[in-house]
Amino acid sequence: MKIKRTQEGKKVDDATNIQVDIWKKENHEDHEVIKAKPKGNEIYFADVQRRRLILY
(Lines give C-alpha, C1' and ligand atoms only; values in the text may rest on other atoms or scores of the structure.)
Protein backbone atom coordinates (compact mmCIF):
# COMPACT_ATOMS: atom_id res chain seq x y z
CA MET A 1 0.00 0.00 0.00
CA LYS A 2 1.36 3.39 -0.98
CA ILE A 3 0.62 6.27 1.39
CA LYS A 4 0.97 9.99 0.70
CA ARG A 5 0.90 12.27 3.74
CA THR A 6 -1.73 15.01 3.35
CA GLN A 7 -4.24 16.84 5.49
CA GLU A 8 -7.15 18.68 3.90
CA GLY A 9 -5.41 18.29 0.54
CA LYS A 10 -2.16 19.92 1.68
CA LYS A 11 1.26 18.31 2.12
CA VAL A 12 2.22 17.27 5.67
CA ASP A 13 5.89 17.86 6.48
CA ASP A 14 6.00 17.00 10.17
CA ALA A 15 4.68 13.39 10.29
CA THR A 16 7.32 11.15 11.84
CA ASN A 17 5.42 7.93 12.48
CA ILE A 18 3.11 6.59 9.74
CA GLN A 19 1.13 3.46 10.66
CA VAL A 20 -1.72 1.45 9.12
CA ASP A 21 -4.22 -0.30 11.41
CA ILE A 22 -5.73 -3.41 9.75
CA TRP A 23 -8.01 -6.26 10.80
CA LYS A 24 -9.98 -9.19 9.46
CA LYS A 25 -13.46 -8.32 8.26
CA GLU A 26 -15.11 -10.58 10.85
CA ASN A 27 -13.07 -9.50 13.88
CA HIS A 28 -12.26 -5.83 14.46
CA GLU A 29 -10.86 -6.53 17.93
CA ASP A 30 -8.02 -8.66 16.55
CA HIS A 31 -6.07 -5.99 14.65
CA GLU A 32 -2.52 -5.40 13.54
CA VAL A 33 -0.61 -2.14 13.24
CA ILE A 34 1.99 -2.00 10.46
CA LYS A 35 4.57 0.76 10.34
CA ALA A 36 4.95 2.36 6.91
CA LYS A 37 8.47 2.94 5.58
CA PRO A 38 9.53 6.05 3.64
CA LYS A 39 10.10 5.55 -0.10
CA GLY A 40 10.91 9.15 -1.11
CA ASN A 41 8.89 11.97 -2.68
CA GLU A 42 6.64 12.11 0.41
CA ILE A 43 5.46 8.52 -0.27
CA TYR A 44 5.40 5.76 2.35
CA PHE A 45 4.86 2.03 1.83
CA ALA A 46 3.14 -0.49 4.14
CA ASP A 47 3.40 -4.18 3.16
CA VAL A 48 -0.15 -5.53 3.51
CA GLN A 49 -0.27 -7.69 0.35
CA ARG A 50 -0.04 -11.07 2.04
CA ARG A 51 -2.87 -10.42 4.47
CA ARG A 52 -6.55 -11.03 3.71
CA LEU A 53 -7.64 -8.03 5.70
CA ILE A 54 -9.84 -4.99 5.35
CA LEU A 55 -8.31 -1.54 5.83
CA TYR A 56 -9.95 1.08 8.00
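Here's a quick rundown of the structure. Just so you know, these numbers come straight off a predicted model, no measurement behind them. (Residues numbered from 1 in each chain as written. Predicted model: local features only at pLDDT ≥ 70, side-chain atom pairs only at ≥ 80, totals over all residues. Heavy atoms only, no water.)

### So, the environment of isoleucine 22
By the secondary structure assignment, isoleucine 22 is in strand E4 (residues 19–24). A relative accessible area of 1% places isoleucine 22 in the buried class. Sequence separation between isoleucine 22 and glutamate 32 is 10 residues, and the spatial gap between their C-alpha atoms is 5.4 Å. (Helix = DSSP H or I, 4+ residues; strand = E, 2+ residues; numbered from the N terminus. Buried < 20%, exposed > 50% of the residue type's maximum accessible area, 1.4 Å probe, protein only.)

### Quick notes on the environment of lysine 11
Among the secondary structure elements, lysine 11 is positioned in strand E3 (residues 10–11). Between the alpha carbons of lysine 11 and glutamate 42 there is a distance of 8.4 Å; along the sequence they are 31 residues apart. Those residues in contact with lysine 11 that lie beyond four places of it in its chain are Arg5 and Glu42. (Contact = heavy atoms within 4.5 Å.)

### A few points about the sheet that holds strand E1 (residues 2–4)
Strands sit in the order E1-E7-E6 across an open sheet of 3 strands; the sheet is antiparallel. In this open sheet, the two strands that pair with only one neighbour each are E1 and strand E6 (37–40). The sheet shows a mean angle of 40° between the axes of neighbouring strands, direction not considered. The pairing of E1 with strand E7 (residues 43–45) spans 3 bridges and is antiparallel. By the bridge assignment, lysine 4 is partnered in E7 with isoleucine 43. (Pairing = 2+ DSSP bridges. Axes fitted to C-alpha atoms, helices over the stretch in contact; angles between N-to-C directions.)

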